[in-house]
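Chain by chain, the residues:
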Amino acid sequence: MKNNYIEQDQQLFNDIIQRNYYSLFQKGQGAIEFFLNGYCRSNCEYCYLKQHQNELFPKELYNKEQIILNTELLIKWYIDNNFTCPINIFSGEWLTTELAEPILDLFYNYFKDLYNYQKPKKIVAPDNMNFINDKKLTNKIQNYIDKFKKIGIQFYISASIDGAKCDFGRTQQNEDFYIKCFNFLSKNKFLCHPMISSNNIKYWKENYLWWVNNAPDYITESLMMLEVRDETWTDESICDLLNFCDFLIDFKLEHFFNNDLIQFSKYIFKSNANKILNQYSPELLQIHSFMNDMDGSTCSFSNTLFIRVPDLTLGLCHRLYYEDLILGELQINNETKEIDNTLLMRNNSIPLLITKKFFKRSCMPHCESCIFEPICNGFCCGNSYENYKNILVPTMETCQMYKAKYTFLLEKYNKLGIFDLIESDKINFLSDLEKKYILNLKNQLLFFV
Amino acid sequence: MLNDLNLKAITVMISAKCNLNCNFCFLHKNTAFLEYDKIIQDAWKNFTYIKNLEKVLNKLKVDTTNISHITIWGGEPFLDTKNFNENIPQLFQLFPNWEKSWTSTNFNINVSNIVELLQKIDEYTKKPFTFRIQISMDGPYYKEGHNVSKEIYKQKIKELMDILNQIYFKNLTVIFNFRATIDEETYLSDFTDKTNINTFFNYCKDLQDFFKRNIFNKKIFLDEDSFIPTPSYPSYATTEDGLTFNKIIRSWSYINNQKYQYELYQALGHITNNKYLFTKNNECGNLYKNLTIGPDGGITCCSNAFISNFQKYENIIKEENNLLHYSELKQEKNYVFNPLQMTPREIERIKWSVFNGAKNNYLTFNFLAMHLCQELALSNQIQSKYATDPILLYQHINLLDNIASCMYYNIHETKMPYISSPSTFRKYLNGITDYVIENETKKIKQKENM
C-alpha cells in the first residue's frame, strides 16, 4: 500500500500538467520558460539571483554542452507536442556568453521551416543589456531579431535597466551605454522594466526625469516601474516612495494628460486610456480581482511552466528553484533519446503544483481579509519563501509598503477630485461593482486619515 | 492589531520519553528523547520552565489571564510527574484562569502518578476544573508495538479506580475516554472482515464496560459508550483504499447507538459538520490555537513536533542518514523559533508569518482543496461527481477541514500548512463523506419529525 499511492500521485501529476498546461500551450496561451543559467556580471543589490544563486542555479549545473543539448531536446519536445505558446528565456546574463549563438541558432533552425501556426509568436528574453557595448555582438543579436521576424517570430528583449541615476549595480555604466541601449531598443520597439527598490527610491525622482529627458518617448510614456517586493522596505524608504508617487502623479497629469482628469482617471483605473500607457506603474489603481482572468498575481507564476534547462527540472518559478520545491522533471527516453511524455514528480509536489496553477491571492492568508486586496499589486512568492519558508504569506514589509502607498494614492486622488468625478458619474468606464468598491475603500480609509 | 494573539491554550511538555514503541507513532524515537526528557525534568525541577513560560508569553504580548487550557504532553506524560507537580501552584499563579487540561496516556504506567497530579490540581484550583485523560490503546492489535494487553489495562483500571474512588475532589472533574489508533495498512486489511470488526468492538466494549463498572466517584466519568479506531496518519491511500475505507466505515454501522455518529467522526480524525466541535477542548496543537512551549522557551508548530528544536535530535537523524525523517525535520524547523532569543522586530515578523498565517488557513485550505479534489475527480481518483458539482464538493470538503488541514502532517507531506496530500482526499472522498452527510440528513429529518 505504501508504494502504490506514489503511482497514483505520479499519474495525477502528469494529468494535471497535461490538462492545465499542455492544453493551454497547444492553444498558444500561457508560456514556457527556459532557465538557462544563473551567471550575471552585474551586482544589483536587490537581485535575488545574486543572493541565492547557489541554491537556485548551483554552479555544477553550468555545463555549456548540456545546456545546448537540452535546449535542443526541449525545442523538439515543444514542436512534437504542438505547443505554440510564447517561450521565455530566463537567465542572469546569457546573450554575452558562449550560449547565445548556439541557442539562438537552435531556435531559428527548428522553427524556420514550420508553418506559422506551429511556431511561438514570441521568444522573450529579459536582459541586462550588457551586450550593447560590444558592437559586433550587438549586430549579431540584431541580425537574429531580424531573422526571427522574417519567419514570423518576435525575438523580444526586455531591457532590465533602472536608469542612470539608479543603476548602482551595473558593471558598465556610462552615458554612451544608455545611448546605445536606447538606439537599439528604439529600432526594435522594445521596452524597459526598471525596478524601484528601497535602496534606490530616494533617487527615483531624478531618475524619472532622466528617463523623460533621455529615453525615447514611447519608452517613457509606458515606463514599467515595478516596486521590488521584499523585506527591505523601511518607514523612511516608504516615505520616499510616497513622495515619488506624489511627484509622478503631478508630472504625468500635466505632461501626458494636459490636466484632463477624466482621461487621467481612465489611465489610473484601467491603464488603457492611451494605448501605449499600459505597463505597470506605481500610481495605478487597477482593480484586479474583479477582472475574471486575473488571479491576483502580477507575474506569470500560474500559467508558465518553468524549466531549468541543464537538469530539465520543473520549478514553481525562476526564483523558487530551491531543492525542496522542485516540482518534478522531464525525463529523457533511453531508446529515443528524446524527452518522454511522462514527467517524473518529485517532493510529493502535487499540492505545490495546484497552488501554482490555481493561485488566487484573495484566498491566501492575510490577503483574503485585506481591504486593499482588489487593487494590490500583490506579493512575491519567492521573497515570501526566502523570508518565511512559506510561499503563501506575504512579506510583512512589502505589505506595509503597499498599504501605505494605496492609502496615499486614495488621499491624493481624492484631493485631485477624481472621486467626485466617480460619484457624479462623470467617469463611466468603471463597472458598478468597481465603483462601489473604490468609493467604499476611499470612505473607509479617509475617515481615519 | 493584526498581530495580536488571542491565545487561550498552551501545551507544555512533562516528558519526552515513552515506554512503548508503537510502529505508527508520530515520534521518530532515538536516544535524543532521553536526553531531552532530562532537560524537561530539570527545567520543572529548577522552576526554569515556568519562568520561561512567563517570559515567552510576555514577549509575545499574550495575556496569561486569557489562558484557560493547558495541554500536558509527552512522550508518555505519566512516566514521571513529580517535578511537574511541584510547579502546579506557580502555574495557577501565572494562569489564574486555568480551568481545563487534556492529556493522552498509554496507561502502561504507575497509576499513582495520575492520582498525585490530579490531587495537586484539585488542591490548588480555586474554581471548577475539568481534566480530560485519553487512554490511547490499539485494541487487540497490541502486536503493533503497543504491547499492552487487555489484562494489563484491566489491572491498571482497577488500581486507579480503587484509589480515585476513595478521594473527594472538591473542584476537579475527571473525564476519561479511550482512543485507538491502528496503522492504516492494518486497518485496511483487517477490517474488511466483519469478524475482526466484531472482535475489536467487543474488546473495546468489554474494557469500557469494565471501566464504567469500577467508577464510584461522582466526579469521574467515562466519555462515550462505543468505540471505533482511527487509522494512523499520514495517509498513503490510493483510490482503492478509499473505497475500502468507505466499506469498512459503513460496516461499523451495525452498532445501533445514538452516539455512533460522534464516535465515527472522532475516529475518522475529527471529520465533522461543525468545525468548532473539536476545537472547544483545544486538543489540536496547531500553534495558532494552542501554543507548544518547550522548557527553554522554544516554540514548535505543534505539540507533535516538540523535539524538532533539539539539536541532538537533528544530529542523530543525520548520523542515521535517515533522509525521510531529516526532510520532515527540515520542514518542522521552519516553524521553530524561540522568542527569548529574538528581537521585538523578529517577533513581530514571526507573529505575522507563522501565527497569522496559520490563523486564516480554513479559507486557504478550502480553496486549494477544491482545486486539488477537482483534479482528483477529473483523473477518476475520487468520485467523478466532484468534477462537475463544485457546490457538492465544497460541502464535502468542509467536513474534512479539521483532518486535512492538520498543519503538522501537511508540512511533512506537502511543505505547506494549508493543504494535505492527495492520499487524504482519496481516503475520504470515495464514499465516507457521503455516509456522513447521509447520516446528518437522517438526523435532521428525525428531529423534524419529532
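Just so we're clear, the structure is a prediction, and the values are computed from it rather than from any experiment.

1. What about unusual backbone geometry?
Argument step 1. Even without a glycine there, the phi angle at M129 of chain A is positive, about 65 degrees.
Argument step 2. With respect to the helices and strands, the residue M129 of chain A is situated in the loop between β3 (122–127) and α5 (135–150).
Argument step 3. In this structure, N380 of chain B takes a positive phi of about 60 degrees despite not being glycine.
Argument step 4. Mapped onto the elements of the fold, N380 of chain B is located in the loop between α14 (361–378) and α15 (385–388).

2. With respect to the interface of chain A and chain B
Argument step 1. Of the residues lining the interface, 44 residues belong to chain A; the matching set on chain B comes to 46 residues.
Argument step 2. Across the chain A/chain B interface, buried area totals approximately 3,900 Å², and carbon plus sulfur atoms make up 60% of it.
Argument step 3. In this assembly, chain A and chain B are joined by five salt bridges.
Argument step 4. With a closest N to O distance of 2.9 Å, E375 of chain B and R19 of chain A form a salt bridge.
Argument step 5. Seen at the junction of chain A and chain B, the total is 16 residue pairs in polar contact (both at pLDDT 80 or more).
Argument step 6. Counting only elements with at least two residues in the side of chain A that touches chain B, the list comes to α1 (4–25), α11 (350–357), α12 (381–388) and α13 (396–416) of chain A.
Argument step 7. With 10 residues, the single largest contributor to the side of chain A that touches chain B is α1 of chain A.
Argument step 8. When its residues are assigned to classes, the side of chain A that touches chain B shows 20 nonpolar, 13 polar and 11 charged.

3. A word on the side chain of K252 of chain A
Argument step 1. Positionally, K252 of chain A belongs in helix α9 (residues 235–255).
Argument step 2. Those residues in contact with K252 of chain A, other than ones at most four positions away along the chain, are Y208, M225, F257, F264, Y267, S281 and E283 of chain A.

4. Examining the side chain of N410 of chain B
Argument step 1. By the secondary structure assignment, N410 of chain B is in helix α17 (residues 407–413).
Argument step 2. Here I419 of chain B takes part through its backbone oxygen, which lies 3.5 Å from a polar atom of the side chain of N410 of chain B.

5. A few points about the packing of helix α9 (residues 239–251) of chain B against helix α19 (residues 432–449) of chain B
Residue and element names in this part refer to chain B.
Argument step 1. It is at 9 Å that the axes of α9 and α19 come closest, and there the two elements cross at 30 degrees. Here α9 is positioned roughly parallel relative to α19, judged by the angle of their axes. Residues F245, N246, I249 and R250 of α9 touch α19, and the partners they reach there are I432, D434, Y435 and E438.
Argument step 2. Of the residues in the contact of α9 with α19, the class split is four nonpolar, one polar and three charged.

6. A word on the pairing of strand β3 (residues 100–105) of chain B
All names here are of chain B.
Argument step 1. In terms of residue burial, β3 counts as a mostly covered element, since five of its six residues are buried.
Argument step 2. Here three bridges tie strand β2 (residues 69–73) to β3, and the two strands are oriented parallel to one another. Residue pairing for β3: T71 is matched across the bridge by W102.
Argument step 3. Inspection of the sheet shows β3 paired to strand β4 (residues 129–137) by six bridges, in the parallel sense. The partner of S104 across the bridge, within β4, is Q134.

7. Here we look at helix α2 (residues 48–59) of chain B
All names here are of chain B.
Argument step 1. For α2, with 12 residues, the first-to-last C-alpha span of 16 Å sits near the 16 Å given by 1.5 Å per residue.
Argument step 2. Those residues of α2 that fall on the buried side of the exposure criterion are Y49, I50, N52, L53, V56 and L57. Buried residues along α2 cover an arc of 160 degrees about the axis, so they all sit on one side.
Argument step 3. Buried positions along α2 lie against β1 (9–13), α1 (32–45), α4 (88–94), β8 (290–293) and β9 (299–300).
Argument step 4. In the stretch just after α2, K61 is the one whose phi turns positive, near 60 degrees.

8. Side note on the packing of aromatic side chains
Residues and elements named next belong to chain A.
Argument step 1. Using the criterion set out here, one finds 59 aromatic pairs over all chains in the structure.
Argument step 2. Considering the side-chain rings of F35 and Y321, the 5.4 Å spacing of their centres and the 45 degrees angle between planes classify their relative orientation as tilted. Note that F35 is positioned in strand β1 (residues 31–37) and Y321 in the loop between β8 (313–315) and β9 (328–332), a separation of 286 residues in sequence. Of the two residues examined, F35 and Y321, each falls in the buried class.
Argument step 3. Between F359 and F379, the ring centres sit 6.0 Å apart and the planes meet at 70 degrees, which makes this aromatic pair edge-to-face. Linking F359 in the loop between α11 and α12 with F379 in the loop between α11 and α12, this pair joins segments that are 20 residues apart in sequence.
Argument step 4. Of the residues examined, F359 reaches a relative accessible area of 3% and is grouped as buried.
Argument step 5. Directly above the ring of Y156 sits K122, whose terminal nitrogen or CZ lies 5.2 Å from the centroid.
Argument step 6. Its guanidinium or amino end placed over the ring of Y385, K389 lies 5.1 Å from that ring's centre, counting from NZ or CZ.

9. Looking at empty space enclosed by the protein
Residue and element names in this part refer to chain A.
Argument step 1. Summed over all chains, the structure comprises nine cavities of 30 Å³ or more.
Argument step 2. Its volume calculated, the largest cavity comes out at about 130 Å³.
Argument step 3. Taken together, 14 residues make up the lining of the largest cavity; nearest its centre are C367, C370, C376, C399 and Y402.
Argument step 4. Split into classes, the residues belonging to the lining of the largest cavity amount to nine nonpolar, two polar and three charged.
Argument step 5. By volume, the second largest cavity amounts to about 90 Å³.

10. Section: the environment of I6 of chain A
Argument step 1. Topologically, I6 of chain A is positioned in helix α1.
Argument step 2. Taking the C-alpha atoms as reference, I6 of chain A lies 40 Å from D105 of chain A; in sequence the two are 99 residues apart.

11. Quick notes on the nonpolar core
Argument step 1. Residues M129, F155 and I438 of chain A together with I10 and F176 of chain B are the most contacted members of the largest nonpolar core, which totals 293 residues.
Argument step 2. Setting aside residues up to four positions removed in sequence, I10 of chain B forms contacts with L53, L57, I67, H69, I70, T71, F95, N290, L291 and I293 of chain B.

12. Side note on the pattern of salt bridges
Argument step 1. Per the stated rule, a full pass over the model turns up 36 salt bridges over all chains.
Argument step 2. Of the charged contacts in the structure, one is a salt bridge between D223 of chain B and R132 of chain B, with a shortest N-O distance of 2.7 Å. Of this pair, D223 of chain B sits in the loop between β6 (220–222) and β7 (230–231) while R132 of chain B sits in strand β4; the two residues are 91 residues apart in sequence, bridging distant segments of the chain.
Argument step 3. With its nearest N and O atoms 3.6 Å apart, the salt bridge here joins K318 of chain B to E314 of chain B. Remark: E314 of chain B and K318 of chain B occur in helix α11 (residues 311–319); sequence separation between them is four residues, near one turn of the helix.
Argument step 4. One network of salt bridges, with partners in common, ties together E397 of chain A together with R345, E348 and R349 of chain B.

13. Thoughts on the sheet that holds strand β4 (residues 154–159) of chain A
Residues and elements named next belong to chain A.
Argument step 1. Read from one edge to the other, the open sheet built from eight strands follows the order β4-β3-β2-β1-β7-β8-β9-β10, with strand pairing classed as mixed. Looking at the sheet topology across the chains shown, the edges are occupied by β4 and β10 (339–345). Neighbour-to-neighbour, the strand axes of the sheet open up by a mean angle of 25 degrees, direction not taken into account.
Argument step 2. As defined by bridge partners, β9 adjoins β10 across four bridges and the pair is classed as antiparallel. Counterpart to E329 in the pairing with β10 is L344.
Argument step 3. Across the sheet, helix α4 (residues 100–111) lies against β1, β2 (87–91), β3 and β4, angled at about 170 degrees from β2, the strand it touches most.

14. Considerations on the environment of L74 of chain A
Residue and element names in this part refer to chain A.
Argument step 1. Relative to the helices and strands, L74 resides in helix α3 (residues 64–80).
Argument step 2. Separated by 182 residues in the primary sequence, L74 and F256 have C-alpha atoms spaced 44 Å apart.
Argument step 3. Other than its neighbours up to four places away in sequence, L74 contacts F34, I307, V309, L312, L330 and I339.

Rules used throughout
Residues numbered from 1 in each chain as written. Chains lettered and ligands numbered in written order. Predicted model: local features only at pLDDT ≥ 70, side-chain atom pairs only at ≥ 80, totals over all residues. Heavy atoms only, no water. Helix = DSSP H or I, 4+ residues; strand = E, 2+ residues; numbered from the N terminus. Contact = heavy atoms within 4.5 Å. Buried area = accessible area lost by both parts, 1.4 Å probe. Salt bridge = Lys/Arg side-chain N within 4 Å of Asp/Glu carboxyl O. Polar contact = N/O pair within 3.5 Å; in protein donor to acceptor, adjacent residues only side chain to side chain. Nonpolar A, V, L, I, M, F, W, Y, C, P; charged D, E, K, R; others polar. Axes fitted to C-alpha atoms, helices over the stretch in contact; angles between N-to-C directions. Parallel < 35°, antiparallel > 145°, perpendicular 65-115°, else oblique. Buried < 20%, exposed > 50% of the residue type's maximum accessible area, 1.4 Å probe, protein only. Pairing = 2+ DSSP bridges. Expected span 1.5 Å × (residues − 1). Arc of directions from axis to C-beta. Phe/Tyr/Trp six-rings, centres within 6.5 Å; stacked < 30°, edge-to-face > 60°. Lys NZ or Arg CZ within 6 Å of the ring centre and 35° of its normal. 1 Å grid on protein atoms, 1.4 Å probe; cavity = no way out; pocket = protein on both sides within 12 Å on 5 of 7 lines; lining within 4 Å. Points joined across faces, edges and corners; volume = space filled by probe spheres on them. Core = buried A, V, L, I, M, F, W, Y, C linked by side-chain atoms within 4.5 Å.

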